[in-house]
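# Coordinate analysis (summary)
Residues per chain, in single letters:
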Amino acid sequence: MKVFVQIPCLNEEATLPSVLESIPKQISGVDQLEILVVNDGSSDKTVEVAKKHGVKHFVHHTRNMGLARSFRDGVDYALKHGADIVVNTDGDNQYPQSRIADLVKPIINDQADIVIGDRQTAKIAHFSPFKKLMQRVGSRVVNFAAGTDLPDAASGFRAYSRNSLVKLNIVTQFSYCMETIIQAGNKRLRIASVKIETNKKTRESRLFKNIWHHMLQSGKAILRSYIMYRPHVIFATLGSVLFVVAAIPFIRFLIFFFQGESAGHLQSLIFGSAMLVGSLLSFALLIISDLQRTNRVLLEDQLERIKEIQYRK
Ligand SMILES: Nc1nc2c(ncn2[C@@H]2O[C@H](COP(=O)(O)OP(=O)(O)O)[C@@H](O)[C@H]2O)c(=O)[nH]1
Ligand SMILES: [Mg+2]
């Protein structure tokens, strides 16, 4: 069993040493434990610091490419180098690396494909009540879209089995955390959750300017992934609602018509027609997106087979 612990880093020279020092040297059930630093275009001494602490595996981005891309490239490197499990932790020492053994255990025991460290956000002291509420709402939305029941969808402290990584295809730029859950849920991967306590805050999140920014970006990512997997739900609902809204003025017009008041009431007809066009458009989009979905399924199947060949050990 080979485990890669990957740390995406953008200028983390200050906190990276504590992260590296707290990664366990040995884990029961794991034969090889490797550390991988994804240097996402750092301009500080992140790489030197990592080397000084004995890190041997690096992925370098000459320019900043963002966290989602860093994650993807790190995973690609790890799988190419024979990883059975990839653990992700952050360079800001937000997560308790000492708990990595608990993250990988359900995968080693074949009880889960993905394990998420639940930060128990309701208990985090430096989170405001509003932020706690939003974390809860956000996780609810993700769970709805993914068909899962996970307490902390935004946590980046996770372990992924090789099998799950071969199946996941990250396409959004930004919030891969939400996207991976929605994909994994829809692909019927087993996702487990392990309660963790987070470390003291070392610095502000650099990923999100503020909570509104976080909510907007996460919302976009969730909506995108949801439309990707269940377009029929959105467009069928929209089409049906518009159809009902269209039918009301039409029926009103017909009632007047049969009562002999055929003159006037054209407004109803115009409004009804506009709504009907909207409804038909939604149904057209439903058909198109459903065809797209078929294409995606075929493409993903192909990708999975290619990755199986590419990463064969
Ligand atoms: N902000 C930011 N972080 C990045 C980027 N690429 C990699 N990272 C790493 O992603 C992790 C999470 O970043 P952080 O600012 O702590 O965001 P948080 O997850 O909201 O706490 C850290 O380990 C960063 O070093 C990037 O382009 N921007
Ligand atoms: Mg952080």
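Residues numbered from 1 in each chain as written. Chains lettered and ligands numbered in written order. Predicted model: local features only at pLDDT ≥ 70, side-chain atom pairs only at ≥ 80, totals over all residues.

### What about the domain arrangement of the protein chain?
How big an interface is tends to be expressed through the accessible area that disappears when the partners come together. For clarity, the threshold we go by: Segmentation into domains, and thus their bounds, comes from an automatic or database assignment.
Domain parsing of the protein chain yields domain 1 (2-214) and domain 2 (231-308). Computed from C-alpha coordinates alone, the two centres of domain 1 and domain 2 are separated by 40 Å.

### Details of the site of ligand 1
Operational definition: Placing a C-beta atom from the backbone of each residue, we mark the residue near a molecule or strand if the atom is within 6 Å of it. Where helices and strands are cited, they refer to DSSP runs of H or I of at least four residues and of E of at least two residues respectively, numbered from the N terminus. Only Asp, Glu, Lys and Arg are considered charged in this grouping, and only Ala, Val, Leu, Ile, Met, Phe, Trp, Tyr, Cys and Pro are considered nonpolar; every other residue, Gly among them, is considered polar.
Residues in close proximity to ligand 1 total 18 residues, the closest being Asp40, Gly91, Ser205, Arg206 and Leu207. Of all the secondary-structure elements, those providing two or more residues to the shell around ligand 1 are β1 (2-9) and α3 (67-80). Of the residues belonging to the shell around ligand 1, the class tally is 6 nonpolar, 7 polar and 5 charged.

### Re the environment of Glu261
Where we set the bar: With C-beta atoms placed from the backbone, a residue counts as buried when 20 or more other C-beta atoms lie within 10 Å of its own, as exposed when 12 or fewer do, and as partly exposed for counts between those limits.
Its location among the elements puts Glu261 in the loop between α9 (231-258) and α10 (266-310). Since 11 C-beta atoms lie within 10 Å of it, Glu261 is described here as exposed. A C-alpha to C-alpha distance of 55 Å links Glu261 and Arg136, two positions 125 residues apart in sequence.

### Structural notes on α3
Condition: One less than the residue count of a helix, multiplied by 1.5 Å, gives the span that helix is expected to have. Contacts are defined on C-beta atoms placed from the backbone: any two residues whose C-beta positions lie within 7 Å are in contact.
Its 14 residues give α3 an end-to-end C-alpha distance of 20 Å, which sits within 8% of 20 Å, the value for a rise of 1.5 Å per residue. All of the buried residues in α3 are Leu67, Ala68, Ser70, Phe71, Arg72, Gly74, Val75 and Ala78. Elements in contact with the buried residues of α3: β1, β2 (32-40), β3 (57-61), β4 (85-88), α6 (162-167) and α7 (176-186). Of the residues one or two after α3, Gly82 is the one with positive phi, at around 85°.

### Overview of the packing of α7 against helix α8 (residues 211-229)
The condition is simple: Only the stretch in contact is used when a helix axis is fitted, and all axes are lines through C-alpha atoms; the angle between N-to-C directions ranges over 0 to 180 degrees. The cut-offs work like this: below 35 degrees is roughly parallel, past 145 is roughly antiparallel, 65 to 115 is roughly perpendicular, and the gaps in between are oblique. Here a crossing is taken to be left-handed if its near helix is turned anticlockwise relative to the far helix by less than a right angle, and right-handed if that turn runs clockwise.
Viewed as axis vectors pointing N to C, α7 and α8 meet at an angle of 20°, and their least axial separation amounts to 9 Å. Accordingly, the angle class assigned to the pair α7 and α8 is roughly parallel. Judged by the sense of rotation from one axis to the other, the crossing of α7 with α8 is right-handed. Residues Met178, Glu179, Ile182, Gln183 and Asn186 of α7 touch α8, and the partners they reach there are Ser218, Ala221, Ile222, Ser225, Tyr226 and Tyr229. Residues that form the contact of α7 with α8 fall into these classes: 6 nonpolar, 4 polar and 1 charged.

### Section: helix α5 (residues 129-146)
Cut-off, in case you're wondering: An arc is given here, and it is the one of the directions from the helix axis to the C-beta atoms.
Given a rise of 1.5 Å per residue, 18 residues ought to cover 26 Å, and the 26 Å separating the end C-alpha atoms of α5 matches this to within 8%. Considered for burial, the residues of α5 that qualify are Gln135, Gly138, Ser139, Val142, Ala145 and Ala146. The arc that holds the buried residues of α5, viewed along the axis, is 125°, so those residues lie on one side. Away from the buried face of α5 by more than 90 degrees, exposed residues Pro129, Phe130 and Val137 are located. Where α5 is buried, its residues contact α7 and α8.

### A word on the environment of Ala236
Among the structural elements, Ala236 can be located in helix α9. Distance in space between the C-alpha atoms of Ala236 and Asp40 is 41 Å, their sequence separation being 196 residues.

### Some remarks on the sheet that holds strand β5 (residues 114-118)
Just so we agree on the cut-off: The rule for pairing is simple: two strands pair if DSSP sees at least two bridges between them.
Across the sheet, 7 strands lie side by side as β3-β2-β1-β4-β6-β5-β7; this open sheet has mixed pairing. In this open sheet, the two strands that pair with only one neighbour each are β3 and β7 (191-195). Here the strands of the sheet are splayed against their neighbours by 20° on average, with no regard to which way each runs. Pairing analysis gives 5 bridges linking β2 to β3, with the strands arranged parallel. Paired with Leu36 across the strands is His57, a residue of β3.

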